[in-house]
Amino acid sequence: MKYFLATAMAVLVLSACAPAAKSEISRTDFVLGTVCTIRIIEGGSTKTTDEIFNRLKQIEDRMSANKDGTEIAAINAAAGVKAVRVSKDTFFVISKAIEYAKLSQGTFDISVGPLTKLWSIGTDHAAVPPESKIASALKLIDYRKIELDAKKLEVRLATAGMRLDLGAIAKGYSADEVARILEKHKVKAAVVDLGGNVLVFGKKKDGTPWHVGVQDPRSDRGEYLGLVTGKAMTVVTSGIYERFFIENGKHYHHILDPKTGYPVDNGLVSVSIITDKSIDADALSTSTFALGLEKGMELVKSLPGVYAIFIDNKNKLYMSPGVSKIFSLTNSAYSLGE
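Residues numbered from 1 in each chain as written. Predicted model: local features only at pLDDT ≥ 70, side-chain atom pairs only at ≥ 80, totals over all residues. Heavy atoms only, no water.

S.K.: Would you take a moment to explain unusual backbone geometry for this structure?
M.R.: Comment: phi is negative for the bulk of residues other than glycine, and the bulk of peptide bonds are trans. Despite not being glycine, Ser120 has its phi angle at roughly 55°, a positive value. Relative to the helices and strands, Ser120 is located in the loop between α4 (113–119) and α5 (131–138). With phi around 55°, Leu153 is a residue other than glycine that occupies positive phi space. Here Leu153 shows up in the loop between β6 (146–149) and β7 (154–157). Leu153 sits in the buried class, given a relative accessible area of 15%. (Helix = DSSP H or I, 4+ residues; strand = E, 2+ residues; numbered from the N terminus. Buried < 20%, exposed > 50% of the residue type's maximum accessible area, 1.4 Å probe, protein only.)

S.K.: Would you mind showing me how to read the sheet that holds strand β4 (residues 34–42) here?
M.R.: Pairing between sheet strands relies on hydrogen bonds along the backbone, with the strands arranged either parallel or antiparallel. Strand order in this open sheet of nine strands is β3-β4-β8-β9-β12-β15-β16-β17-β19, and the pairing throughout is mixed. Of all strands in the sheet, those with a lone pairing partner are β3 (25–31) and β19 (335–336), marking the two edges. Alignment of strand β16 (residues 307–312) against strand β17 (residues 316–319), held across three bridges, turns out to be antiparallel. Paired with Phe310 across the strands is Tyr318, a residue of β17. (Pairing = 2+ DSSP bridges.)

S.K.: How should I be thinking about the pattern of salt bridges in this particular structure?
M.R.: Opposite charge on two side chains permits them to pair, given that their charged atoms come into close proximity. Applying the stated criterion to the full structure yields 15 salt bridges. The partner of Asp280 in a salt bridge is Lys96, and the shortest N-O contact between them spans 3.6 Å. With Asp280 in helix α7 (residues 278–291) and Lys96 in helix α3 (residues 88–103), this residue pair connects regions lying 184 residues apart in the sequence. Residues Asp280 and Lys96 agree in their burial class; the two are buried. Close ionic contact of Arg156 with Glu147 constitutes a salt bridge, the shortest N to O distance being 3.2 Å. Residue Arg156 is classed as partly exposed on the basis of its relative accessible area of 23%. (Salt bridge = Lys/Arg side-chain N within 4 Å of Asp/Glu carboxyl O.)

S.K.: Where do I start with the packing of aromatic side chains in this structure?
M.R.: Working definition: an aromatic ring pair is given by the centre-to-centre distance plus the angle between the planes. A complete count under the given rule lists five aromatic pairs for this structure. Measuring from ring centre to ring centre gives 5.7 Å for Phe92 and Tyr173, while their planes differ by 45°; the resulting arrangement is tilted. Of the two residues, Phe92 sits in helix α3 while Tyr173 sits in helix α6 (residues 170–184), which places them 81 residues apart along the sequence. Here Trp119 and Tyr262 contribute two aromatic rings whose centre-to-centre distance is 5.7 Å and whose plane-to-plane angle is 75°, an arrangement assigned as edge-to-face. With a gap of 143 residues between them, Trp119 in helix α4 and Tyr262 in the loop between β14 (250–253) and β15 (268–275) connect regions that are remote in the sequence. Overall, the relative accessible area of 0% leaves Trp119 in the buried class. In this structure Tyr262 comes out as partly exposed when scored by relative accessible area, which is 26%. Pairwise contacts between aromatic rings join Trp119, Phe245, Tyr252 and Tyr262 into one cluster. The ring centre of Trp210 lies 5.2 Å from the NZ or CZ of Lys204, which sits over that ring. (Phe/Tyr/Trp six-rings, centres within 6.5 Å; stacked < 30°, edge-to-face > 60°. Lys NZ or Arg CZ within 6 Å of the ring centre and 35° of its normal.)

S.K.: Mind showing me how you'd approach the pairing of β17 here?
M.R.: Successive residues of a regular strand alternate their side chains across the two faces of the sheet. Taken together, β16 and the strand that follows it, β17, pair antiparallel across an intervening segment of three residues, in which Asn315 is found at a positive phi of about 65°. Bridge count for β17 against β19 is two bridges, and the pairing is parallel. Across the sheet, residue Leu317 finds its bridge partner in β19, namely Leu336.

S.K.: Could you clarify how one ought to interpret the side chain of Glu24 in this entry?
M.R.: Here Glu24 is to be found in the loop between β2 (11–13) and β3. If sequence neighbours within four positions are ignored, Glu24 has contacts with Arg39, Ile40 and Ile41. (Contact = heavy atoms within 4.5 Å.)

S.K.: Just checking my understanding: could you explain the environment of Leu56 for this structure?
M.R.: For Leu56, the location among the structural elements is in helix α1 (residues 46–63). Each C-alpha atom, one on Leu56 and one on Tyr173, is 9.9 Å from the other, the two residues being 117 residues apart in sequence. With residues up to four places along the chain from it excluded, the contact list for Leu56 reads Val31, Leu32, Ser174, Val178 and Leu194.

S.K.: Please clarify how the nonpolar core should be interpreted in this entry.
M.R.: Formed by 70 residues in total, the largest nonpolar core has its most connected members in Ile75, Ile94, Ile146, Leu166 and Leu182. Each residue touching Ile146, except ones within four places of it in the same chain, is listed here: Ile94, Ile98, Ile110, Ser111, Val155, Arg156, Leu157, Met162 and Leu164. (Core = buried A, V, L, I, M, F, W, Y, C linked by side-chain atoms within 4.5 Å.)

Here it is as structure tokens:
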């Protein structure tokens with residue numbers, strides 16, 4: 001027996017739960033493969049939201065691995081044959097992804113495409129692949145074989161069959177681009193939710209801090225287990241509840257281990273990253289989850305201005321230094337680990 005669940009709501013902005021004021025502007029649309037909502041609380045206009053969604057569509061049309069005609073599709077099609085010239089956007093995101101591949105010792109690897117395509121988690125075709133196909137896919141995964149030419153803005157995959165997938169970093173870049181547009185339009189306060197990649201922008205008129213609720217990973221009703229309180233920030237969560245399927249009674253989630261070929265199985269159920277750049281939070285939420293509690297915590301501690309909340313399968317929370325100043329646990333089903 002097999003069934004599926006895909007949910008993108010990783011965090012909730014509690015300060016945005018009240019009914020919108022007449023002066024506020026809100027727009028929701030499906031782009032980047034998920035439901036995206038922009039809520040402008042003060043400043044801006046419909047021209048702002050129009051520009052934002054046009055930009056999100058542009059990023060999707062360049063970076064999606066699941067659409068024909070994108071730059072990523074072109075890179076994948078030319079694997080082992082030739083280099084492909086790309087936009088500054090795509091080149092930047094790939095370059096940034098390689099930085100995180102190095103930081104995570106290959107645990108974060110955008111050349112995981114052959115594996116993600118094989119598992120197809122999040123689609124109606126998700127199923128446990130044969131071991132022989134997993135073994136074949138693993139031979140194609142190696143971020144060190146992604147060749148970049150910064151002068152020509154060219155990307156080449158060294159081996160035929162290699163395949164890039166920017167799903168673990170592109171939404172973060174997109175959120176940062178939204179912030180850039182909000183600043184350009186002199187927006188004073190806004191909430192950005194790109195399928196659970198949340199960014200709270202600017203300062204609210206009443207001077208109160210932002211309150212972002214971190215989702216309870218064991219609830220499918222959008223309930224939160226604690227609040228992050230503070231100034232403008234981004235909060236991104238990766239977990240086993242986001243996209244998964246169940247086959248023969250076993251749970252298979254979408255965060256795949258590029259070393260084993262199977263979903264990461266290290267006792268964690270989610271990791272939330274809090275920082276000021278969403279591209280970093282996006283890549284780090286996946287990287288630290290895959291690294292596990294000990295190595296993931298070590299990585300976070302080495303990065304200034306980055307905070308993390310790890311949750312394990314025993315309902316224990318582990319927080320990086322400084323998180324206790326901005327996060328309060330509100331769900332009694334969870335407790336702090338040592």
